[in-house]
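Descriptive analysis of the structure
Residues per chain are reported as follows:
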Amino acid sequence: MSLVKVLVLMIGQFSLGFVKSAQQPNAVPTCNCSMLAPSWLNACNAINDLQTRYLHPGPVVWGWNGADFWHNMLGAYATVDFGARALGSQASIGGESVYPCRAVFTEVVQNVLRVNPPALVSLEGGYDDIGWAIAAYIRTGGTMPPADPQRSSYFRDAAKISENVDRNAWTSFCGGGYCWQRDNCHSSSHLPYKNAITNELGVFNIAELARYNVSTGGVARAEQIWQWLNNSGMIDNNTNLINDGLSSTCHNNGGTTWTYNQGVILGGLASLYSSTRDERYMNEATRLADATITRLVTSSGILNEPSIGDRDQQSFKGIFTTHLLRLTETPGLATEKRTQYTNFLQSNAATMLAKDKLPDGRFGATWQGPVTPGKDGDGPHDPSCAASISAAMLLTAAAAASDI
């Protein structure tokens, strides 16, 4: 039975934790930015623009216009992450005033996830797409109070889907690791492609579930996936950059060193360090982070994708910054590294706001600019929903880093 069929059956068997009804299509939820601390204003404006410009708010369809399945999952993650982090101007009082945008954006994401379950990914889709969904479920559950029954529902459902991925995607080819495309993982005519992002998402999601005491093999399984990835040859030991995947002979394929491959693993290693206090994970994370902010940047130190030719690639830099923040806020990171990474996030945010933002609020995909006015597009200087998600992730990371 295919994983899609398994997931369809699973969705009929358990709650998925989505119990709130969809709002009417004319109600686009936003946050009142005036309630937030001044340092959060830019991020708030960006996340609100993402909702008002691109969100289709039900009742049947919930999602961002111009976004495919994985971008809807990324938009969900970015939206709920902002709501969980954005501090109110009266944050010291406590209660709801600490995170005044949390409730409204948690409900947005609940509706998006409710109508975009992983079973909607076609058979030809990738296990990485499922990984983005699992990450969104975990982050949404993590924003909820421990006593909220929906919290455990999100974690439980994320764990069940993660367990299915673990059983179906891990193969013996190249000595282990998750394969990327579901239709060739066990094909007799095609060798499975083992790539970085699918395995990084496995490390991150399983480590995060373990951190919340939800079992999918626990820390030991996340460590096993990381050990395979680290030993696979995908990470260039000379540059500390991660190539896209392995060749048919199980060697580094020399593929593009995308920024998101440098990023997601930072979140995974930070989570493993938080659970184990094993300094090796912190050392590996800082090694990879340092390589990114020195090698995949412009001469002015602005994060720069090796190439951008589609909306997937327009998203990658924001993913890196979200996971760099995850590392930056991890207790145990050296003070000088925390300062270095915070400064990096804030300088990138300032440059993007000055050079990559249109007067109407849209962002391009190249943070050092310029941005092309006009219709949304797929190019490096075009605005799009994907580029706006990425921009919101950077601005959230920069604001949150200032609060550490």
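Reading the values: the criteria
- Residues numbered from 1 in each chain as written.
- Predicted model: local features only at pLDDT ≥ 70, side-chain atom pairs only at ≥ 80, totals over all residues.
- Heavy atoms only, no water.
- Helix = DSSP H or I, 4+ residues; strand = E, 2+ residues; numbered from the N terminus.
- Buried < 20%, exposed > 50% of the residue type's maximum accessible area, 1.4 Å probe, protein only.
- Contact = heavy atoms within 4.5 Å.
- Areas by Shrake-Rupley, 256 points an atom, 1.4 Å probe, with all protein chains shown as cover.
- Axes fitted to C-alpha atoms, helices over the stretch in contact; angles between N-to-C directions.
- Parallel < 35°, antiparallel > 145°, perpendicular 65-115°, else oblique.
- Left-handed = near helix turned anticlockwise from the far one by under 90°.
- Nonpolar A, V, L, I, M, F, W, Y, C, P; charged D, E, K, R; others polar.

Across its full length, the protein holds 13 helices and two strands. Relative to its 404 residues, the protein shows a buried fraction of 61%. Taking the intrachain contacts of the protein between residues at least 6 apart in sequence as the baseline, contacts between residues at least 24 apart amount to 66%. Summed over its atoms, the accessible surface of the protein is roughly 14,900 Å², and 51% of this surface lies on carbon and sulfur atoms.

Time to look at the packing of helix α2 (residues 41-54) against helix α13 (residues 385-403). Here α2 crosses α13 at 155 degrees, and the two axes come no closer than 8 Å. Relative to α13, the element α2 lies roughly antiparallel. When you trace α2 past α13, the crossing you get is left-handed. Between α2 and α13, the contacting residues are Asn-42, Ala-43, Ala-46, Ile-47, Leu-50 and Tyr-54 on the first element and Cys-385, Ser-388, Ile-389, Ala-392, Leu-395 and Thr-396 on the second. Of the residues contributing to the contact of α2 with α13, the split by class is nine nonpolar, three polar and no charged.

A few words on unusual backbone geometry. Trans peptide bonds make up the majority, and among non-glycine residues the majority have a negative phi. Here the amide bond leading from Gly-369 into Pro-370 is cis, since omega sits at -5 degrees, within 30 degrees of zero. Summarising the element assignment, Pro-370 is placed in the loop between α12 (335-355) and α13. Although it is not a glycine, Cys-174 sits at a positive phi angle of roughly 60 degrees. Summarising the element assignment, Cys-174 is placed in the loop between α6 (149-169) and α7 (196-211). Non-glycine residue Cys-250 carries a positive phi angle of around 65 degrees.

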